Amino acid sequence: MGLTAVIFLLVLASRHQPTAGVGHDPLLVVDDYEDGGIRLKCLSERLFSEAQLLWTDSRGDNITGTPLSADTGTAGVSSSIVLKAGSGNSMSCRILDKQLKTSTESSVAIADAFFPSTSPWLAAFVVILLLSIFLVLAAIYKIRSNNKEITRAQNARKQIEQDIDELKRKLDEQKRRFEKENVRNELKFRKARSNAVNITLDQTCKHPNLCISDDKRRVKSSDKKETALKAMVVATEGFPDKKHYWEVEVGNQSQWELGVVSENVRDVIMNNMGISPPVNGLFSLQYSQGKYILTGREDVSDCKQCSVVGVLLDVESSELSFYNVEEMSPLGSVVLEFTGKLYPFFSPDSSGKWLGVRPVKPQTYDPLPQGEKEINE
């Protein structure tokens, strides 16, 4: 209504003069916005058969309008046209009377402000809107990516925690197993030590290059040039049955050999002191070149060098066992095959250092506490 009223006033203010005679001025009507411009209608009471309607722009060029009625016989002269911004912003409607040879004209000028136009802010708004949408989408993508990364990190952390728990469980299990094994070993050692006996060395049954102490408990090599392995001394005591335990201080000697020999081997050594004893009937643990070797050339693994070795002779079970006294742990055992008595023997290295029997006070085996009993079971 505001646009129509303003333009109507402009129409009233426009100049229009008939070229001859008297006639009615055409009526210019602003209809509506259309196709980026303003549609104008020109109406007249004259019939199509009596008059002709022409549109002219600001430059005076004729423009063809669109008839508003298809019935040219009875309808009045009327036409419409779309005026767009930049086309001069003015338009004239002229009615030519065919009979009177006269013409009437109405003109209108419309300011640019009344034409529909795109605001320069609209493009900026669209750009900002698109950027905002892009940023929102990017933020959503980033959040989802972060969530995936967080989820992966959490899963990895859970897996690591599970692995750590599994390792702890295995370590605890190994620790319990190790503790049980230590308790069992200590139990066996304490039982073995409860069978301690007194051992003395036999001066009449030794290699000529060996020297025995006055108390008959220690032996060493008197010839440092000769390898003293298999140069041995046999104990006075022989054991036909039961269990017997003794301990030997080997110190830091580079090589030595401890064990038992059968009665036949003892007789051979006694009668032929200068020869090596026969292999059959000799059961021992040998230390040489940093390794422990049992009879039968079986290496004892995972055993460190010890300074005191415990020896348990179990005649009833036909087994000879060796212990690391300081660790109270087993070094290994040998199965015995013999007849008659078994005699302890000792063979030091050629360094001239003493290798001796350490006195062990006979002791009664003390039962383990209840907790250790349960572990042993």
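The preceding data block contains the structure.
Thresholds applied
- Residues numbered from 1 in each chain as written.
- Predicted model: local features only at pLDDT ≥ 70, side-chain atom pairs only at ≥ 80, totals over all residues.
- Heavy atoms only, no water.
- Helix = DSSP H or I, 4+ residues; strand = E, 2+ residues; numbered from the N terminus.
- Buried < 20%, exposed > 50% of the residue type's maximum accessible area, 1.4 Å probe, protein only.
- Contact = heavy atoms within 4.5 Å.
- Areas by Shrake-Rupley, 256 points an atom, 1.4 Å probe, with all protein chains shown as cover.
- Disulfide = S-S within 2.5 Å.
- Pairing = 2+ DSSP bridges.
- Axes fitted to C-alpha atoms, helices over the stretch in contact; angles between N-to-C directions.
- Salt bridge = Lys/Arg side-chain N within 4 Å of Asp/Glu carboxyl O.
- Core = buried A, V, L, I, M, F, W, Y, C linked by side-chain atoms within 4.5 Å.
- Phe/Tyr/Trp six-rings, centres within 6.5 Å; stacked < 30°, edge-to-face > 60°.
- Lys NZ or Arg CZ within 6 Å of the ring centre and 35° of its normal.
- Polar contact = N/O pair within 3.5 Å; in protein donor to acceptor, adjacent residues only side chain to side chain.

(A) Local environment of the overall build of the protein chain. Helix and strand counts for the protein chain come out as 4 helices and 22 strands. A buried classification covers 36% of the 377 residues belonging to the protein chain. Contacts spanning at least 24 positions in sequence make up 68% of the contacts within the protein chain whose residues lie at least 6 apart. When the accessible surface of the protein chain is totalled, it reaches about 22400 Å², and 53% of it is carbon and sulfur.

(B) A look at the state of the cysteines. Evaluated as defined, the whole model comprises 1 disulfide. Disulfide pairing is shown between cysteine 42 and cysteine 93; the S-S distance is 1.7 Å. Measuring the twist about the S-S bond at about -80°, one finds the cysteine 42-cysteine 93 disulfide to be left-handed. On the criterion of sequence distance, the pair formed by cysteine 42 in strand β2 (residues 37-47) and cysteine 93 in strand β7 (residues 90-97) is long-range, its members being 51 residues apart.

(C) View of the pairing of strand β14 (residues 255-262). For β14, the buried fraction is high: 8 of the 8 residues fall into the buried class. Burial along β14 is two-sided: the residues Gln255, Glu257, Gly259 and Val261 and Trp256, Leu258, Val260 and Ser262 are all buried.

(D) The sheet that holds strand β18 (residues 308-314), seen in detail. Overall, antiparallel pairing links the 7 strands, which are arranged β10-β11-β22-β13-β18-β19-β20 in an open sheet. Because the sheet does not close on itself, it has two edges, and the strands there are β10 (210-212) and β20 (329-335). Between one strand axis and the next, the sheet turns through 25° on average, direction left out of account. Pairing geometry for β10 and strand β11 (residues 218-221), over 3 bridges, is antiparallel. Residue pairing across strands places cysteine 211 opposite lysine 220, the latter belonging to β11.

(E) Up close: the pattern of salt bridges. Scanning all chains against the criterion turns up 16 salt bridges. Glutamate 166 is paired through a salt bridge with arginine 169; the nearest N and O atoms lie 2.5 Å apart. With glutamate 166 and arginine 169 both in helix α2 (residues 120-193), this residue pair falls 3 residues apart, about one helical turn. Since its relative accessible area comes to 40%, arginine 169 is described here as partly exposed. For arginine 358, the salt bridge identified is with glutamate 247, shortest N-O distance 2.7 Å. Separated by 111 residues along the polypeptide, arginine 358 in strand β22 (residues 355-358) and glutamate 247 in strand β13 (residues 243-249) bring together distant segments of the chain. Members of the salt-bridge network, linked through shared partners, are Glu166, Arg169, Glu173 and Arg177.

(F) How the structure looks around the nonpolar core. Counting 34 residues, the largest nonpolar core has Trp246, Trp256, Val309, Leu313, Phe322 and Phe346 as its most contacted members. Apart from residues no more than four positions distant in its own chain, leucine 313 is found in contact with Phe239, Lys242, Lys243, His244, Trp246, Val260, Glu319, Leu320, Leu336 and Leu342. In terms of nonpolar packing, the next biggest core, distinct from the first, is built from 17 residues, Ala51, Val77, Ile81 and Val108 among them.

(G) Here's a closer look at the packing of aromatic side chains. Enumeration over the complete set of coordinates arrives at 6 aromatic pairs. Geometrically, the ring pair formed by phenylalanine 239 and tryptophan 246 is stacked, given 6.3 Å between the ring centres and 20° between the ring planes. The exposure classification of phenylalanine 239 matches that of tryptophan 246, with both residues buried. Clustering of aromatic rings is evident, with ring pairs tying together Phe189, Tyr245 and Tyr323. The side chain of arginine 218 reaches across the aromatic face of tryptophan 354, ending 4.6 Å from its centre. The cationic tip of arginine 266 hangs over the ring face of tyrosine 343; the distance from NZ or CZ to the ring centre is 4.6 Å.

(H) Representation of the environment of serine 351 within the structure. Take serine 351: it is sitting in the loop between β21 (342-347) and β22. Relative accessible area serves as the criterion here: at 31%, serine 351 is assigned to the partly exposed category. Between the C-alpha atom of serine 351 and that of serine 221, which follows or precedes it by 130 residues, the distance is 7.0 Å. A polar atom in the side chain of serine 351 sits 2.7 Å from the side chain of aspartate 349. Within polar-contact distance, the side chain of serine 351 engages the backbone nitrogen of lysine 353 at 3.4 Å.

(I) Looking closely at the side chain of aspartate 57. Tracing the backbone shows aspartate 57 in strand β3 (residues 51-57). A distance of 3.0 Å separates a polar side-chain atom of aspartate 57 from the backbone nitrogen of arginine 59. For aspartate 57, the side chain forms a polar contact with the main-chain nitrogen of aspartate 61, separated by 2.8 Å. Contacts of aspartate 57, omitting those with residues within four sequence positions, involve Ile63, Ser90 and Met91.

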